[in-house]
Amino acid sequence: MSSTESLRNLPAVDDILRHADLSTISGLYPRQQIVEWIRSAVDQCRKSILNGTTLDAAATARFVLDQTIQQSIVENGRRQQPVINATGILLHTNLGRAPLADLAIQRMQQSSGYANVEMNLHTGKRNKRGERICELLRQLTGAEDAAIVNNCAAATMLVLQAMAAGKEVIVSRGQLVEIGGGYRLPEVFAASGAILREVGTTNRTYLRDYENAIGENTGAIIRVHRSNFFQGGFVTEPDITDLVSLGKSRNIPVIDDLGSGCIQDLTKFGLKEPTVGHSVAAGADVSLFSGDKLFGGPQAGIIIGRKEWIEAFRKNPMMRALRVDKVTLAAIEATAEIHLSGRAESELPLLRMLSKSDHAIRQICEEVLEQLNIPNGCTLEVVPCTSQIGGGSVPGSEISSFGIRISGLRSDSVTALLRATSPAVLGRIQDETVLLDLRTVHDSQMSDLAASLSAVLNEVDDNEV
Ligand SMILES: *Cc1c(COP(=O)(O)O)cnc(C)c1O
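I will try to describe carefully the structure that is included in this document.

Conventions used here
- Residues numbered from 1 in each chain as written.
- Predicted model: local features only at pLDDT ≥ 70, side-chain atom pairs only at ≥ 80, totals over all residues.
- Heavy atoms only, no water.
- Helix = DSSP H or I, 4+ residues; strand = E, 2+ residues; numbered from the N terminus.
- Buried < 20%, exposed > 50% of the residue type's maximum accessible area, 1.4 Å probe, protein only.
- Contact = heavy atoms within 4.5 Å.
- Areas by Shrake-Rupley, 256 points an atom, 1.4 Å probe, with all protein chains shown as cover.
- Near = heavy atom within 4 Å.
- Polar contact = N/O pair within 3.5 Å; in protein donor to acceptor, adjacent residues only side chain to side chain.
- Nonpolar A, V, L, I, M, F, W, Y, C, P; charged D, E, K, R; others polar.
- Arc of directions from axis to C-beta.
- Phe/Tyr/Trp six-rings, centres within 6.5 Å; stacked < 30°, edge-to-face > 60°.
- Pairing = 2+ DSSP bridges.
- Right-handed = clockwise from strand over helix to strand, strands pointing away.

1. Details of the overall build of the protein
Part 1: Regarding its fold elements, the protein presents 20 helices and 15 strands.
Part 2: Projecting the C-alpha coordinates of the protein onto the three principal axes gives extents of approximately 90 × 55 × 50 Å.
Part 3: Within the protein, the fraction of its 465 residues that count as buried is 47%.
Part 4: Contacts in the protein between residues at least 24 apart in sequence constitute 75% of all its contacts with a sequence separation of at least 6.
Part 5: Surface summary for the protein: the accessible area is close to 22500 Å², and the carbon and sulfur share equals 47%.

2. Notes on the site of the ligand
Part 1: Cys 152, Ala 153, Ser 227, Ser 290 and Lys 293 are the nearest of the 14 residues found near the ligand.
Part 2: Contacts to the ligand include Arg 97, whose side-chain N or O atom sits 2.9 Å from an oxygen atom.
Part 3: The separation between an oxygen atom of the ligand and a polar side-chain atom of Lys 293 is 2.7 Å.
Part 4: Relative to its free-state accessible area of 380 Å², the ligand is covered by the protein chains to the extent of 94%.
Part 5: Elements with a minimum of two residues in the shell around the ligand: α8 (152-164) and β8 (254-259).
Part 6: By residue class, the composition of the shell around the ligand is 5 nonpolar, 6 polar and 3 charged.

3. What about helix α11 (residues 240-250)?
Part 1: Within the sequence span of α11, burial applies to Ile 240, Leu 243, Val 244, Leu 246 and Gly 247. The arc that holds every buried residue of α11, seen down its axis, measures 165 degrees, which confines them to one face. Looking at α11, the residues exposed on the side facing more than 90 degrees away from the buried face are Lys 248 and Ser 249.
Part 2: On its buried face, α11 is in contact with α10 (207-213), β7 (218-224), β8 and α12 (276-282).
Part 3: Asn 251 occupies a position one or two residues after α11 and carries a positive phi of about 60 degrees.

4. Quick notes on the packing of aromatic side chains
Part 1: Tallied over the full model, the rule gives 2 aromatic pairs.
Part 2: Aromatic pair Tyr 29 and Trp 37: ring centres 5.4 Å apart, planes at 70 degrees, arrangement edge-to-face.
Part 3: A relative accessible area of 9% means that Trp 37 is categorised as buried.
Part 4: Summarising the aromatic geometry, the rings of Phe 289 and Phe 295 are spaced 6.0 Å apart at their centres and angled 55 degrees between planes, so their arrangement reads as tilted.

5. Looking at the pairing of β7
Part 1: The element β7 is largely enclosed, with a buried count of 7 among its 7 residues.
Part 2: Relative to β7, strand β3 (residues 168-172) is paired through 3 bridges, and the arrangement is parallel. Of the residues in β7, the one forming a bridge with Ile 170 is Ile 221.
Part 3: When β7 meets β8, the two strands line up parallel, connected through 4 bridges. Looking across to β8, one finds that Val 224 is bridged to Asp 257.
Part 4: In the classification by handedness, the crossover that spans β7, the intervening α11 and the parallel β8 is right-handed.

6. A closer look at unusual backbone geometry
Part 1: The peptide bond linking Ser 422 to Pro 423 adopts the cis configuration, its omega dihedral lying at 0 degrees.
Part 2: Tracing the backbone shows Pro 423 in the loop between α19 (411-420) and β13 (424-426).
Part 3: Despite not being glycine, Arg 97 shows a phi value in the positive range, around 55 degrees.
Part 4: Locating Arg 97 in the fold gives a position in the loop between β1 (83-85) and α6 (102-110).

Encoded structure:
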């Protein structure tokens, strides 16, 4: 067959579009996108023909169909969808951090149409956006007032801009963190217009370092929680209480960037994390934290503190650019209500996962294992492991847990197969085996997890991974 003949055999886009093999994907993706995939596959065929490959009509059509289906699989992996988190990392930034409480999900859904975001239904009059939520946050934290923005990064930006644009903000060298995703404190300072005044050394900063740095142009002192790393050994830094007394004596406001937003003391879980209440009680003028870390809510930046400062933030023109939408507000309101009700450990998924005993997790692992047919050459067993908080909270935390270890197979193939199931299952590779830590898997997902695992093991059995 000459190359001219082969080129004549290239399929028409319309014929491919109508092919039965594409019927399952045609409803899932816009026609335009499928046409693009087909065109690109046809182009590839044209190129190989021009390079001397002979292809008959059936072979080109098959190639184009396969390529198009392959593209749709790749595309599906990019589409945002629910996943089963068996990584053992409770706040996994790549997986959307805190899973929301049922109540929060309900309220988000209920608020997604028209909702009284800025209206008191009793009086029929306009009220401040999020007014009731700020009141709940006051009750919860003991602070005088609260404001809500998009995330803690936005909170830091707003607070620095409003309190100290053009002025120096004193910070310890040991706290100049990079949180990840390009959030680097010195850059946030630069963007806010505040001037970074570093004091102390990487490992040791004393109160006198702050004291010596206070001058004419000092706008604030900031403490930044080391959310995603820890320092050990020869390390010193003043407590927030000491910074507050220094600030008070020199009339300088103190900002506490808590990051994680730990509402209740976690020491009973073996975790040490500063609480929001402690920051307020210590007298910080302004404290900030994320809504989607230990607070267990949606992505948001929660700012609490003295009335005058919060009022100033509300009036700042940046506030309008950083405010959150009604759906987020609904979720924060529900999450705050749960914390206040004292039912956080049973109703907030994050705390529920944290409070699960490793004994209970072990039992669940065994129950899942019992449902599976294990192919030859492959071993599944229940093993002890450690979960982590992650997501810029409680660095170095280790929580004992149990997981299912899959060995005897290529671990990268197993993880790829697990990601391809619906819902996708994400585990971790440890000692060259795949480990599924079940602490982070919601009880309601266990049957899906077992089904996904089952499908993968069947595939393995058929294909000898
Ligand atoms: C996580 C974190 C931030 C950033 O919070 P986002 O809500 O992700 O923007 C800022 N500061 C500290 C100390 C943090 O831990």
